[in-house]
Each structure stands twice: as C-alpha cells, then as structure tokens.
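Descriptive structure summary
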Amino acid sequence: MKNIKKIQLGQNGPLVSRLGLGCMRMSSIWGSATPDETESIATINEALDSGINFLNTGDFYGAGHNEMLVGKAIKGRRDDAFISVKFGAIFHNGQHLGMDLRPLSIKNFINYSLTRLGIETIDLYQPARMDNSVPVEDIIGTVADLIKEGKVRHIGVSEITASQLRKANDIHPISALEIGYSLADRQMEIELLPTAKELGIGIVAFANTAEGLLTGELKAPLEEKDYRKHFSRFQGENLINNLEKVEVLKQLASKKGYTPTQVAIAWVKEQGDHIMPLVSMSRRSRLPENIAAMDITFTQEEMSTLNTTFKIGAISGGTYLQR
C-alpha cells in the first residue's frame, strides 16, 4: 500500500517520497559488522512497496558493497526506485583519507557505481563533501557533463557552505542539498537552509536523531566501545546536560503517544514542504514506526516547547557534523 506523500526536489525537480531510506547501515561501515543482507534487501523492497522510493547510498559505503546490495534489491523494479549516490570520499582500512573530486576521478567513479547498481542512469549524483583543492566549477561542471551523457539525471550536493551552494547552482541547477539536520543540530538554519530555500533547492535531512542522542534511549556515561565517545556532545557534563533536554522531548512524545525518535523525525518534516527526513534503516521492523512519524503534527505550544528547548546552541558539544 503506497501511503507516503511526495516532495519535489528543487524547482522543476523530480517528485520523490517525503521520507527517504538511508541504506548506509546495510553495509559494513568503518569497521562495523555487516548486517544481514537478506533482511536488508527485504527492507528495501518493503520500503518500495510502502511508497518510499528515495534510496540513498554512497560509492564508499562498504567499499562498494552498499551499491551492489541496492542493485540486487531493485533488480526488476528499477522504475520504483529513485537512486541517490554520494561520491568522492576516499577510505583505507576504515580511515577517511580525504576527498577526490578531480574531473577524471568523477568520470571513473560514475562508471563503477552504474556497474555495481546494475543501472544505466543515477537519479541524483552528488559529491559527499566539497574538496577545496578542486574548483566548484570543475566538480559541478563534470557532473553536468554526465547529465548530457545520460549517466545522471539530477545534481545534488552535501555538506556545503552557503556560498559554495550559490556558486554550484549558478553552474547547473542543484536539485537537493543533503545535510545533517535535527533538533540538536540547527546551526544550518542561520544561513545554509535559507539560501537553499531562496534558490529553490530541496533538503535531504539525515541524522534526524543526532547520532541517537534524541532517541531517548541513551544513558550517561556511554560504554567504552561506543564510537560516539569521540564526539564532545557525548562526553562528561556535555552529555548529562544534553540528556536533560532530551527529557523534555521524551515527555512530549509520551503525551502524544509516540516515541522520541518519531517526534524527532516529525519535527524535521514540519520545517518545510521542501524538506525530506532521510532515515537509515536495515530492518523491516523499523519501517512502520518511521512511516507513522510522517503523520505527526504539532500544536503551536508543542512546537514552541521543542524550539525553545532545542534552540540553536542549546546542545553542548559537537559531532562530526561540526568539524
């Protein structure tokens, strides 16, 4: 049953599902264990059956494993899926070494991605981050050439500054900006999001629960092996202070009959008709909860409570989103 509303990515851009499926967790990332591939493929297909057609992957997720997995899942139903691919990040032995966005490299990356995915055209192709050693004109211009060749349909960008976004859009219309956005990460509201809205660029918002901070399930201190201990917001007094704010979210969610995660996703959705929450899942059991979050609305008082509690700067410390 297709019950997901649609969103338009950019002016005259494609219509895609209002909720996006992030596929990253379906592959071994930076040393993590590989999830059950059969369950991951089943999750993608059930998402497609539910009307979630936006599938987000990256050519560096699992060193290409993620694209091959997505390719297996969409085989025989290509028209049901809108494929978004990030490219350009270089990893070795689980370590991020930097970006490679040279034109020749991009032309190489696209062919590997198309082969792994088993498709002829990628719907949305975007650098995972800008590479300051390569002019924006060269990066976006190269992807624009790929559109002319029929290998790409639309151009996206990710983790970019407002000035870079303007420059990129001047070179070729940008359909989507992928950015981490949540109640806990709102600094992009100052300049980046208004710029995207002015230019008519859709927002693909990932990390809606801020690395799990907003799920209501975290307790201080984190276990020693928890990767989040590397981020200052999950350390010491910062985490204690931040979890006090999460209590407000938990109470509000409880009164509404939803989970904190659902409310966190719904808050992102409510920030504009041009904003898509991108939720990472690798199990079918997660789908009903996240789909239900798209029907949540807020009273003015509830929205005021959330916006006041989680105003810009309210969360102590940063994550990888604030490098």
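What this report covers is the structure whose coordinates are included nearby.

1. Focus on the pairing of strand 5 (residues 82-87)
Counting buried residues along strand 5, 6 of its 6 residues qualify, which places the element largely inside the surrounding structure. Because side chains alternate across strand 5, one face comprises the buried residues Phe-82, Ser-84 and Lys-86, and the other comprises Ile-83, Val-85 and Phe-87, equally buried. Between strand 4 (residues 54-58) and its parallel partner strand 5, the chain crosses via helix 2 (residues 65-74), and the hand of that crossover is right-handed. In this sheet, strand 8 (residues 122-127) lies alongside strand 5 in parallel orientation, the contact comprising 4 bridges. Paired with Phe-87 across the two strands is Pro-127, which belongs to strand 8.

2. Quick word on the environment of Gly-62
Within the secondary structure, Gly-62 sits in the loop between strand 4 and helix 2. Taking the relative accessible area as the measure of exposure, Gly-62 reaches 22% and is therefore partly exposed.

3. Digging into the sheet that holds strand 11 (residues 202-206)
Ordered in space as 3-4-5-8-9-10-11-12, the 8 strands form a closed barrel in which the pairing is parallel. Neighbour to neighbour, the strand axes of the sheet diverge by 30 degrees on average, direction disregarded. With 3 bridges connecting them, strand 11 and strand 12 (residues 275-280) associate as parallel partners. Looking across to strand 12, one finds that Ala-205 is bridged to Pro-277. Docked against the sheet, helix 2 engages strand 4 and strand 5, running at close to 150 degrees with respect to strand 4.

4. Digging into the pattern of salt bridges
Following the criterion strictly, the structure yields 19 salt bridges and no others. Two residues, Arg-284 and Glu-39, come together in a salt bridge whose shortest N-O distance is 2.6 Å. In this pair, Arg-284 sits in the loop between strand 12 and helix 9 (287-293) while Glu-39 sits in helix 1 (residues 37-49), placing the two residues 245 residues apart along the sequence. Close ionic contact of Arg-102 with Asp-100 constitutes a salt bridge, the shortest N to O distance being 2.9 Å. Looking at Asp-100, the relative accessible area reads 14%, which means it is buried. Look at the salt bridges and you will find they share partners, linking Asp-49, Arg-77 and Asp-80 into a network.

Definitions and limits used
Residues numbered from 1 in each chain as written. Predicted model: local features only at pLDDT ≥ 70, side-chain atom pairs only at ≥ 80, totals over all residues. Heavy atoms only, no water. Buried < 20%, exposed > 50% of the residue type's maximum accessible area, 1.4 Å probe, protein only. Helix = DSSP H or I, 4+ residues; strand = E, 2+ residues; numbered from the N terminus. Right-handed = clockwise from strand over helix to strand, strands pointing away. Pairing = 2+ DSSP bridges. Axes fitted to C-alpha atoms, helices over the stretch in contact; angles between N-to-C directions. Contact = heavy atoms within 4.5 Å. Salt bridge = Lys/Arg side-chain N within 4 Å of Asp/Glu carboxyl O.

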